[in-house]
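# Architecture and fold: a report
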Amino acid sequence: MTAVEIAAAVRSGQRSARSVVDEHLDVIAGGDADIHAFNLVAAAQARARADEIDGAVASGRDPGPLAGVPVALKDNLCTRGLATTCSSRILEGWAPPYDATVVEQLHNAGAVVVGKTNMDEFAMGSSTENSGFGPTCNPCDTSRVPGGSSGGSAAAVAAGFAPVALGSDTGGSIRQPAALCGVVGVKPTYGLVSRYGLVAFASSLDQIGPFTTTVADAAAVLDVISGPDARDSTSISEPQPPVSHTLADGVDGLRVGVLAELSGNGIAPDVAAQLQAAVRALESAGASVAEASAPAAVYGLSAYYLIAPAEASSNLARYDGVRYGLRVDGPSTPDMNTATRSAGFGDEVKRRIMIGTYALSAGYYDAYYGKAQKVRTLIINDFASVWEQFDLLVSPTSPTTAFPLGERTADPMAMYMSDVCTVPVNLTGQAAMSVPYGVGDDGLPVGVQIMAPALGEPVMFRAAAVLEASL
Amino acid sequence: MGQQRITRAECAHVAALARLELTEEELDRFTGQLDELLDHVAEVEALDLEALPPTMHALPIANLLRPDTPGEVLDRDEVLAQAPFAEDGQFRVPPVLGEAP
C-alpha cells in the first residue's frame, strides 16, 4: 500500500494504524538482516504511537494527512530520546534532547517513526559504505551499493520496510540513492524545508527531502514537511502552495531542456537510453523538448568538493568530546580533543575535514575556497540564463546504475564522480528530484533527474507524475 | 597528474590544525588522495573569475532577526545527561592549559 492509501484507510477506520505498523515491523524483522537499512528499529515506540492514532480515530479526531504511515528517518535527523548517530562512532549512544522540526511535523500529521536508517558517516559518501556500522545493500541486488549518503532510507523504501523515508541531500544524497534503488527521491528548494535538527554537514547546501514509491506520496510528504520555521534562519519565510493539488495538470505546453553538460560525457549508454525514453514520454504528453546548456555546470564537482568540505570542517569542529558522544581522555583538553576525533571519525570524514581545513587555511583561502565561491556564482548565472528559455531541465540522476559493493571504496575520486549530475543543483539552491525510469542492461533501476527553478516544485511534480504514468 | 600540490608535511600540518592525529600509513594515503583532488579542482584555474562576486549562500536573505524575547530552552539536566563527564551542572574537561587541577 502507498502512503496515501494507508492514510486514507486509517483515517476512515477501514484499517488500524497498529495493523499497518505491525505488518511493516514484520517485514523489517524478516528482511533487514540481509539489507541493513536500519541502525535502529524503534518497534515498541512505533506500536505505542500507532495505538495513539487508532485511539484518536476511535474518538472521532483526525490524526492527520499521514495517519498511520510508517516512516524511516535518516540517522542524522534528531529524535528526542532516540539514538541519533550519523553512522559515526563519535556520536554512538547519543540521544538528542529535542526533535528535528521535520520529525515534529511528521508526528503532527499522524506518521509513525519506525526507525533510524544507515548512511555514510555524517552524510559524506555516495554508497553508504562509509558507515561506522557497516554498509547497506541494495534491495534490487544485494551485491550492489544502494547509493548514498541516504542509502539506508532509499533501501528501506525499496525493500518495503516503510512506504516513506526522509533523507538529506547535500550533493545528491537523496536523488542518487533513489535512482540506484528504483524509488522517488526529492531535493526541495533550499530553504523550503526546515533544517532545524538536521545534523549539519554543509549548511549552505544541506536540504531534507522524502523517499517514496510514488510521486503522489512524495508530494503528500513534502506538503507536510515544507514551510517556514523560526528555528531555521535560512527557511523561506512565506508559505508555499501545496504540490499535491497540481499533480494531474500534465506538461502540455511546458518547455523542457535536456541539460547537455550532465547528459553526454561519462553517462553510461544504457542510462542515456532511458533518459531518451523519458524525453519521448514528455514530448508525447505535449511538452516541447530541446537541448539546454549551462556551460559552468561541468565545474560543479570541483566547486562542490571545496565548498562542502570547507563548511564541514567548521561544522564538525563541535565533535570534541566535551558535550556529547565519545570521549577518549588525555592529559589536557587539546589532547583529549585530538584523541577523541582521531578515534571517533572514519577515513572519509577525516579526508573531508582535512580538505576543508586546507582550503580555508592562510595562504590557500583565495586560491581554493574563494575561487570555488566564484565558480558557484558562475553556475548560478548560467542556470539563470537557462531558466529564461526553459520551465524544467532533465538529465540522468546518476551516470551509472548501482555499482558493486567495494568497487570504489579505495578510490575517493572515482566515488566523488558518482555525484557529477546531482551537485550543480545544490550549489544553485534549486529544486530537483529523481524518478525511476526503467532499468539498465544489468536489469537495475535507472533514475531520471528533473530540475526546476527555485520554488518550482509544483511544475516539477507535474512532470514527475507524467513520467510515472508513462511507464 | 601535474606537479605535487600538497606535501606530506603540509598534510601533517593540516591534520594538526583540525585536531586529528594520523598514523604514518594514513598520512601517506591521505597526502596522495588530497593531492589527486586538488589536481582535479585545479581545472577552475582556467576560468576568468575576476569580475564575479563570491556566493556564500544560494538564497538572497541575510541577517534574519527574530524579536528579542525569551523562548523555550533545553532542560539543563537533560542536556548534561548526554555529556561524557558532567559535574555540578557543568561539562567537565581535563586541564585546558595542561597543569594539574
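Residues numbered from 1 in each chain as written. Chains lettered and ligands numbered in written order. Predicted model: local features only at pLDDT ≥ 70, side-chain atom pairs only at ≥ 80, totals over all residues.

### Structural notes on the overall build of chain A
Under the convention used in this document: Per the convention used, a helix needs a DSSP run of H or I reaching at least four residues, while a strand needs a run of E reaching at least two, with both numbered from the N terminus. Using C-alpha atoms as the atom set, the radius of gyration is obtained and then compared with a globule rule of 2.2 Å times the number of residues to the power 0.38. Any residue with 12 or fewer other C-beta atoms within 10 Å of its own C-beta is exposed, any with 20 or more is buried, and the rest are partly exposed; the C-beta atoms used are placed from the backbone. Residues are defined as contacting one another if the C-beta atoms placed from their backbone atoms lie within 7 Å.
Scanning chain A for helices and strands turns up 16 helices and 11 strands. The C-alpha radius of gyration computed for chain A amounts to 21 Å, which stays within 12% of the reference 23 Å derived for 471 residues, consistent with globular compactness. Residue burial in chain A is summarised as follows: out of 471 residues, 65% are buried. Taking all contacts inside chain A whose residues are at least 6 apart in sequence as the whole, residues at least 24 apart take part in 76%.

### Quick notes on the overall build of chain B
What chain B contains, in helices and strands, is 3 helices and 2 strands. When the elements of chain B are put in sequence order from the N terminus, they spell out α-α-α-β-β. Summarising its shape, the C-alpha atoms of chain B cover approximately 55 × 45 × 20 Å along the three principal directions. Expressed as a percentage of its 101 residues, the buried residues of chain B come to 19%.

### What to know about the confidence of the model for chain B
Threshold: pLDDT measures how confident the predictor is about each residue, on a scale from 0 to 100.
Taken residue by residue, chain B gives an average pLDDT of 90. The fraction at 70 or more is 94%. Within chain B, no element has a lower average pLDDT than helix 3 (residues 76-80) of chain B, which sits at 94, and none a higher one than helix 1 (residues 8-17) of chain B, at 97.

### Structural notes on the interface of chain B and chain A
We apply this condition: Three classes are used: nonpolar for Ala, Val, Leu, Ile, Met, Phe, Trp, Tyr, Cys and Pro, charged for Asp, Glu, Lys and Arg, and polar for all others, with Gly counted as polar.
Residue-level contacts link 43 residues of chain B with 51 residues of chain A. Within the residue set of the side of chain B that touches chain A, elements represented by two or more residues are helix 1, helix 2 (24-41) and helix 3 of chain B. A total of 7 residues in the side of chain B that touches chain A trace back to one element, the largest contributor, which is helix 2 of chain B. Taken together, the residues of the side of chain B that touches chain A sort by class into 30 nonpolar, 6 polar and 7 charged.

### Quick look at the sheet that holds strand 10 (residues 431-439) of chain A
All names here are of chain A. Applicable threshold: For two strands to pair, DSSP has to find at least two bridges joining them. Axis angles are defined between N-to-C directions and span 0 to 180 degrees, where every axis is a line fitted to C-alpha atoms and, for a helix, only to the segment in contact.
Read from one edge of the open sheet, 11 strands run 1-3-2-4-6-5-10-11-9-7-8, paired in mixed fashion. Pairing within the sheet leaves two strands with one partner each, and these edge strands are strand 1 (38-41) and strand 8 (288-292). Mean inter-strand twist for the sheet, computed between neighbouring axes without regard to direction, equals 25 degrees. The pairing of strand 2 (residues 70-74) with strand 3 (residues 112-117) spans 5 bridges and is classified as parallel. Bridge assignment links Leu73 to a residue of strand 3, and that residue is Lys116. Each of strand 1 and strand 3 is contacted by helix 3 (residues 43-58), which is oriented at about 160 degrees to strand 3, the strand it contacts most. With respect to the sheet, helix 16 (residues 457-470) is in contact with strand 9 (392-396), strand 10 and strand 11 (445-452), its orientation differing from that of strand 10 by roughly 5 degrees.

### A short note on the environment of Ile35 of chain A
With respect to the secondary-structure elements, Ile35 of chain A resides in helix 2 (residues 17-35). On a C-alpha basis, the gap between Ile35 of chain A and Thr117 of chain A in space is 11 Å, while along the polypeptide they are 82 residues apart.

### Here we look at the environment of Gln105 of chain A
Residues and elements named next belong to chain A. With respect to the helices and strands, the residue Gln105 is situated in helix 4 (residues 101-108). Measuring from C-alpha to C-alpha, the distance between Gln105 and Ile225 comes to 5.9 Å, with 120 residues separating the pair along the chain. The contacts of Gln105, once residues within four sequence positions are left out, are Val224 and Ile225.

### Observations regarding the packing of helix 10 (residues 300-315) of chain A against helix 12 (residues 347-360) of chain A
All names here are of chain A. Heads up, the rule is: Reported orientations rely on four angle classes, namely roughly parallel under 35 degrees, roughly antiparallel over 145, roughly perpendicular from 65 to 115, and oblique for the rest.
Packing of helix 10 against helix 12 brings their axes to within 7 Å, and their N-to-C directions diverge by 95 degrees. Comparing their axes, helix 12 and helix 10 come out roughly perpendicular. Contact residues: helix 10 offers Leu306, Pro309, Ala310, Ala312 and Ser313, while helix 12 offers Arg352, Ile353, Ile355, Gly356, Thr357, Ala359 and Leu360. Residues belonging to the contact of helix 10 with helix 12 are distributed by class as follows: 8 nonpolar, 3 polar and 1 charged.

### Here we look at helix 10 of chain A
In an α-helix, one turn spans 3.6 residues; hence positions three or four apart end up facing the same way. This is how it is decided: Here the expected span of a helix is defined as 1.5 Å times the quantity of residues minus one.
With 16 residues, helix 10 of chain A should cover 22 Å at 1.5 Å per step; its first-to-last C-alpha distance of 22 Å lies within 8% of that length. Among the 16 residues in helix 10 of chain A, 14 count as buried, and that is most of the element.

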